[in-house]
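Chain by chain, the residues:
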Amino acid sequence: MTSAGTVEGHEHLRLFCALRLPDGILDGLERWQREHFTGAGRPVPRGNLHATLAFLGRRPASELPAIAGALRAAAAAAGEIVLSPNRYRETRSVGMLVLEDETGEAARLAGKLFDGLERLGVYEREQRPWLPHVTVIRYRERPRLRPPLPELGSFGLSDAAVYMSSLRPTGAEYAVLEAVPLGG
């Protein structure tokens with residue numbers, strides 16, 4: 001477990017839990033963004049690329065240890081997670097790379113995390129099923145892009161993290177507060 005961030009002096013934190021992507025996948029996503037999204041909006045910077053498990057919003061800093069504990073417990077029980085690019089999808093404000101959960105383990109991890117966070121009273125599960133994806137571009141007007149999928153192949157993951165999101169005029173900045181290994 002690592003702690004790359006600190007929360008001293010913060011009364012409330014904007015938190016989410018996510019799967020961290022390997023460096024090689026981040027390299028490939030950056031190349032793909034440069035090739036297909038230049039001028040279309042704001043490509044998501046490398047440090048913000050991840051696959052969100054649960055967005056918690058504004059939470060008291062005192063809840064961080066319990067939230068990290070719920071992520072740690074869910075991650076310890078995770079089997080091998082293997083993801084691959086499935087399709088590109090746009091919503092009204094973001095473009096995302098939807099991922100195929102080849103082993104089903106990412107969805108099982110998300111479900112166990114949701115259970116733990118709900119028991120803590122810090123999260124309410126969405127009505128729609130969890131969709132593994134990486135937000136790759138943000139925009140004001142939907143560009144209706146149809147980029148080819150990035151050539152990433154199938155890839156495994158080794159950890160997940162609790163992130164803090166700080167809103168800035170230039171966009172959100174994310175900091176890892178606690179990273180936990182997958183599969184114990």
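This one's a predicted model, so the numbers in the text were calculated from it and none came from an experiment. Residue positions are given per chain, counted from 1 along the sequence in the order it is written. Only residues with pLDDT of 70 or above have their local features reported here, since the model is predicted, and side-chain atom pairs are shown and tallied only from 80 upward, although totals for entire chains, interfaces and linings are computed over all residues. Side-chain measures were taken over the full set of non-hydrogen atoms in the model, leaving aside hydrogen atoms and water.

Is there a simple way to think about the overall build of the chain in this case?
Comment: elements are numbered from the N terminus, with helices defined as DSSP H or I runs of at least four residues and strands as E runs of at least two. Scanning the chain from terminus to terminus reveals three helices and nine strands. Seen through its C-alpha atoms, the chain measures out along the principal axes to roughly 40 × 40 × 30 Å. Remark: exposure states derive from per-residue accessible area (1.4 Å probe, protein chains only) relative to the maximum for the residue type, with buried under 20%, exposed over 50%, and partly exposed in between. Counting every position in the chain, which comprises 184 residues, the buried fraction comes to 48%. Here, two residues are considered to be in contact whenever any of their heavy atoms come within 4.5 Å of each other. Taking the contacts inside the chain whose residues are at least 6 apart along the sequence as the reference set, 77% of them involve residues at least 24 apart. Working definition of accessibility: Shrake-Rupley area with a 1.4 Å probe, residue cover restricted to the visible protein chains. Surface accessibility of the chain: about 9,700 Å² in total, with carbon and sulfur atoms responsible for 47%. Between the averaged position of the 23 positive side-chain charges in the chain and that of its 22 negative side-chain charges there is a distance of 6 Å. Only four residue types enter the tally: Lys and Arg on the positive side, Asp and Glu on the negative side; His and the chain ends are excluded. For the purpose of locating charges, the reference atoms are NZ of Lys, CZ of Arg, CG of Asp and CD of Glu.

Just checking my understanding: could you explain the nonpolar core for this structure?
One broad rule of soluble globular proteins: the nonpolar side chains tend to lie buried together. Definition of nonpolar core: a set of buried residues of the types Ala, Val, Leu, Ile, Met, Phe, Trp, Tyr and Cys, connected through side-chain atoms within 4.5 Å. Residues Leu19 and Leu53 are the most contacted members of the largest nonpolar core, which totals 52 residues. If sequence neighbours within four positions are ignored, Leu53 has contacts with Cys17, Ala18, Leu19, Leu71, Leu109, Ala110, Leu113, Phe114, Tyr123, Trp130 and Ala160. Counting residues in hydrophobic clusters, the runner-up holds six residues, among them Ala18, Tyr163, Val176 and Ala179.

Just checking my understanding: could you explain the packing of helix H2 (residues 64–76) against helix H3 (residues 105–120) for this structure?
The description of two helices packed together rests on the angle between their axes and the distance between the axes. The contact between H2 and H3 brings their axes to 8 Å, and the two run at 150°. In terms of axis orientation, H2 runs roughly antiparallel to H3. H2 and H3 meet at a crossing whose hand is right-handed. Between H2 and H3, the contacting residues are Ala66, Ile67, Ala70, Leu71, Ala74 and Ala75 on the first element and Leu109, Lys112, Leu113, Gly116, Leu117 and Leu120 on the second. Basically, the charged four are Asp, Glu, Lys and Arg, the nonpolar ten are Ala, Val, Leu, Ile, Met, Phe, Trp, Tyr, Cys and Pro, and anything else, Gly included, counts as polar. Partitioning the contact of H2 with H3 into residue classes produces 10 nonpolar, one polar and one charged. Interaxial angles span 0 to 180 degrees and are taken between N-to-C directions of axes, which are lines fitted to C-alpha atoms, for helices over the stretch in contact. Oblique is the label for any angle not under 35 degrees, not over 145, and not in the 65 to 115 range, which are roughly parallel, roughly antiparallel and roughly perpendicular in turn. Should the near helix be turned anticlockwise from the far one by less than a right angle, the crossing is termed left-handed; should it be turned clockwise, right-handed.

Looking at this model, I keep getting lost on the pattern of salt bridges. Mind explaining?
Opposite charge on two side chains allows them to pair when their charged atoms are near. For salt bridges, the criterion is a side-chain nitrogen of Lys or Arg within 4 Å of an Asp or Glu carboxyl oxygen. The full count for this structure, using the stated rule, is 12 salt bridges. Across the pair Glu105 and Arg108 runs a salt bridge, and its minimum N-O distance is 2.8 Å. Pair noted here: Glu105 and Arg108 are both in helix H3, with a separation of three residues, about one helical turn. The buried category is assigned to Glu105, whose relative accessible area is 15%. Several salt bridges share partner residues, and in doing so they unite Asp23, Asp27, Glu30 and Arg46 into one network.

I tried to follow the sheet that holds strand S2 (residues 42–43) on my own but got confused; where do I start?
Whether parallel or antiparallel, the strands of a sheet pair through hydrogen bonds between backbone atoms. Any two strands between which DSSP finds at least two bridges are classified as paired. Taken together, five strands build an open sheet; the order of strands is S2-S6-S5-S4-S7 and the sheet is antiparallel. Of all the strands in the sheet, just S2 and strand S7 (155–156) have a single pairing partner and so form its edges. The pairing of strand S4 (residues 82–90) with S7 spans two bridges and is classified as antiparallel. The residue of S7 that forms the bridge with Val82 is Gly156.

Please clarify how the environment of Val122 should be interpreted in this entry.
Inspection of the secondary structure puts Val122 in the loop between H3 and strand S6 (133–138). Look at Val122 and you get buried, because its relative accessible area is 8%. Placed 64 residues apart in sequence, Val122 and Arg58 show a C-alpha to C-alpha distance of 9.8 Å.

Even after reading the chapter, I still don't get a positive patch on the surface, so can you show me in this structure?
On the surface, Arg14, Arg42, Arg138 and Arg140 cluster together into a positively charged patch. Inspection of the secondary structure puts Arg14 in strand S1 (residues 12–19). For Arg14, a relative accessible area of 30% puts it in the partly exposed group. Patch membership requires over 30% relative accessible area and the absence of a salt bridge. Like charges are linked within 9 Å, and nonpolar side chains (Val, Leu, Ile, Met, Phe, Trp, Tyr) within 5 Å.

Even after reading the chapter, I still don't get the sheet that holds strand S8 (residues 159–168), so can you show me in this structure?
As summarised here, the arrangement of the four strands in space is S3-S1-S8-S9, forming an open sheet in which the pairing is antiparallel. The strands lining the two open edges of the sheet, one partner per strand, are strand S3 (51–60) and strand S9 (171–181). For this sheet, the mean inter-axis angle between neighbouring strands, taken without regard to orientation, is 25°. Where S1 and S3 come together, eight bridges link them in antiparallel fashion.

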